[in-house]
Amino acid sequence: MKFKLVMVLVVTFIFISCTNKENDSQSSIITIGSIPSISSMPIFYADDNDIFKNNGVDVTVEKFFSAKDRDIAYIGNQINAVTADLIGILTFYKADIPTTTVTSSMENFGLVLSPNSSYDTIDDLVGSDILYSKNSIIEYTIDKIFEHNNLPIESINKISIPAIPLRVEMLAKGDADSAVLPEPFLSMAKLNGGKVLTTSSELGINLVSVAFKKDFLDANNEAINKFLLAYNESVNALNNLSDEQFENYMFESYGFSEDLRGHLDRFNFNLVTPIDYNQINSAIEWSINAGILYTAPTYNDLVRSEK
C-alpha cells in the first residue's frame, strides 16, 4: 500500500513538473494582434521571412480588420501584444490591463473627402458627417485637426465605423462627407476620387506603437529583447528594398487591387524608438477629457526602458 502511494506521488510530481515546464515554455510565446495598415509592415515582414524565428523568438501574428476586434482579443487574453495607437492602449488601463509600449511605429492618417463631396476645405466640414473609429488615434486626429483649425469639434457629426475597409467603401459611395483613414487605405480613397485635406504627419502626430501586456513583458524580458532585435532587422530589410520590391511586398501582404500600383507612397520605417514624451502627455490629457481614462499611468508605465 505504501509502495502504491509512493508511486502515485512520484507520478503526480512528474506530471506537475512537466506541466510547469510546458507552461514556462509557453509563457514566452508572443502572440501579436495587428491591423493591416502601414505601421504593421515590419511585423508582417518579419513573420513572412522567418526573421522572428531566426532570432530565436516564437511569434504568432494575428490579423484583425478593426481595432475593436483586436481589442476584444487582447482583453480576452487571446493575444498578449498589439500594434495599436496610444489612445487605444490607454483604454486597456481603464480595463485594468496595464500595457507598455516597446517602440513607436510609422503611420499616417489622412482626413479625406468623399469623391461625391462638394466641399473643398476643412472649414466646409462644419455640420457634416465624418467616419471614424471611437476612442482611437483616428478620433484623436480628428479632434486635433479641428483644434488646429480653430473649429469646435461639436460642429461635426462623428459616425463610428470600426472596420477600415467598410469606412473606405462607405466614403466611396458618398455615405458620408469625409473620413479619417490610415495608409494604405488613404491611397485607396484617393484613387477612388477622394481629396485629402490634411494628415497626422502634417500635424506631427505619431502615437502608433507596438505594445505588450505589462505582466507578460516583465516576465519575458529575454524574449522581448529578441523580438526587438528581429523588429530592427525587419525594418532595415524593408528600408533596403527597391521601390518595386517594396510595392510587390505590399500587394502580396495586403491583397490590394492592381489598380493601386504606382499610387502608394513609399515609407521609411524607424528602428526601435520610444514614443515622444510630449505626445504621450497630449494623448493622456485628451483621453482624460474624453472620459476614456480616469487615472493616468506614468511615462515609465507606458514606455519600456531599455533592459
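Conventions and cut-offs
- Residues numbered from 1 in each chain as written.
- Predicted model: local features only at pLDDT ≥ 70, side-chain atom pairs only at ≥ 80, totals over all residues.
- Heavy atoms only, no water.
- Buried < 20%, exposed > 50% of the residue type's maximum accessible area, 1.4 Å probe, protein only.
- Helix = DSSP H or I, 4+ residues; strand = E, 2+ residues; numbered from the N terminus.
- Pairing = 2+ DSSP bridges.
- Expected span 1.5 Å × (residues − 1).
- Arc of directions from axis to C-beta.
- Contact = heavy atoms within 4.5 Å.
- Polar contact = N/O pair within 3.5 Å; in protein donor to acceptor, adjacent residues only side chain to side chain.
- Core = buried A, V, L, I, M, F, W, Y, C linked by side-chain atoms within 4.5 Å.
- Axes fitted to C-alpha atoms, helices over the stretch in contact; angles between N-to-C directions.
- Parallel < 35°, antiparallel > 145°, perpendicular 65-115°, else oblique.
- Left-handed = near helix turned anticlockwise from the far one by under 90°.
- Nonpolar A, V, L, I, M, F, W, Y, C, P; charged D, E, K, R; others polar.
- Salt bridge = Lys/Arg side-chain N within 4 Å of Asp/Glu carboxyl O.

Q: Tell me about the pairing of strand S1 (residues 30-34), residues and numbers included.
A: Judged by how many residues are buried, S1 sits mostly within the fold: five of five residues are covered. Residues Ile30, Ile32 and Ser34 line one face of S1 and the alternating positions Thr31 and Gly33 line the opposite face, and both faces are buried. Pairing analysis gives two bridges linking S1 to strand S3 (residues 81-85), with the strands arranged parallel. The residue bridging Gly33 from the neighbouring strand is Val82, located in S3.

Q: Residue-level account of helix H11 (residues 221-239), with values.
A: In a regular helix each residue adds 1.5 Å, so 19 residues correspond to 27 Å; H11 covers 27 Å between its end C-alpha atoms and thus fits that length. Of all the positions in H11, only Ala223, Ile224, Phe227, Leu228, Ala230, Tyr231, Ser234, Val235 and Leu238 are classed as buried. Seen from one end, H11 has its buried residues packed into an arc of 165 degrees, which puts them on one side. Residues of H11 that are exposed and angled more than 90 degrees away from the buried face: Glu222 and Leu229.

Q: Describe helix H13 (residues 277-289), and please don't skip the residues or the numbers.
A: For H13, with 13 residues, the first-to-last C-alpha span of 19 Å sits near the 18 Å given by 1.5 Å per residue. Those residues of H13 not exposed but buried are Gln279, Ile280, Ser282, Ala283, Ile284, Trp286 and Ser287. Structurally, H13 contributes buried residues whose contacts are with helix H5 (86-94), helix H6 (137-148) and helix H14 (299-302). Between a side-chain oxygen at the N-terminus of H13 and the backbone nitrogen of Asn278 the separation is 3.0 Å; the capping residue is Asp276. Immediately beyond the C-terminal end of H13, within one or two residues, lies Gly291, with a positive phi of roughly 80 degrees.

Q: Could you give an account of the nonpolar core, naming the residues involved and the relevant values?
A: Within the largest apolar cluster, 43 residues are counted, with the highest numbers of intra-cluster contacts made by Leu86, Ile89, Leu111, Ile142, Leu207 and Leu302. Sorting the residues of this core by element identifies helix H4 (67-75), S3, H5, strand S5 (109-113), strand S6 (129-132), H6, strand S10 (208-213) and H13 as the ones contributing at least two each. In this view, Leu207 contacts Ala84, Asp85, Leu86, Ile137, Tyr140, Ile275, Gln279, Ile280 and Ala283; residues no more than four positions away in its chain are not counted.

Q: Explain the packing of H5 against H13 to me, and be specific about the residues and the numbers.
A: Helix packing geometry: the angle between the two helix axes and the distance between the axes. Where H5 contacts H13, the axes come no closer than 10 Å and their chain directions differ by 55 degrees. When the interaxial angle is binned, H5 and H13 end up oblique. Seen from above, H5 lies across H13 with right-handed handedness. Residues Leu86, Ile87 and Leu90 of H5 touch H13, and the partners they reach there are Ile280, Ala283, Ile284, Trp286 and Ser287. Class assignment of the residues belonging to the contact of H5 with H13 gives a composition of seven nonpolar, one polar and no charged.

Q: Report on the pattern of salt bridges, specifying residues and quantitative values.
A: Evaluation of the coordinates by the stated rule reveals eight salt bridges. Taking the shortest distance from any N to any O, the salt bridge between Asp71 and Arg70 comes out at 2.9 Å. Each member of the pair Asp71 and Arg70 is classed as buried. Ionic pairing is found between Asp143 and Lys158, a salt bridge with its closest N-O pair at 2.9 Å. On the criterion of sequence distance, the pair formed by Asp143 in helix H6 and Lys158 in strand S7 (residues 157-160) is long-range, its members being 15 residues apart. By relative accessible area, which is 23% here, Lys158 ends up partly exposed. Connected via shared salt-bridge partners are Glu139, Asp143 and Lys158.

Honestly, that's just the spatial picture; any functional story needs more than this.
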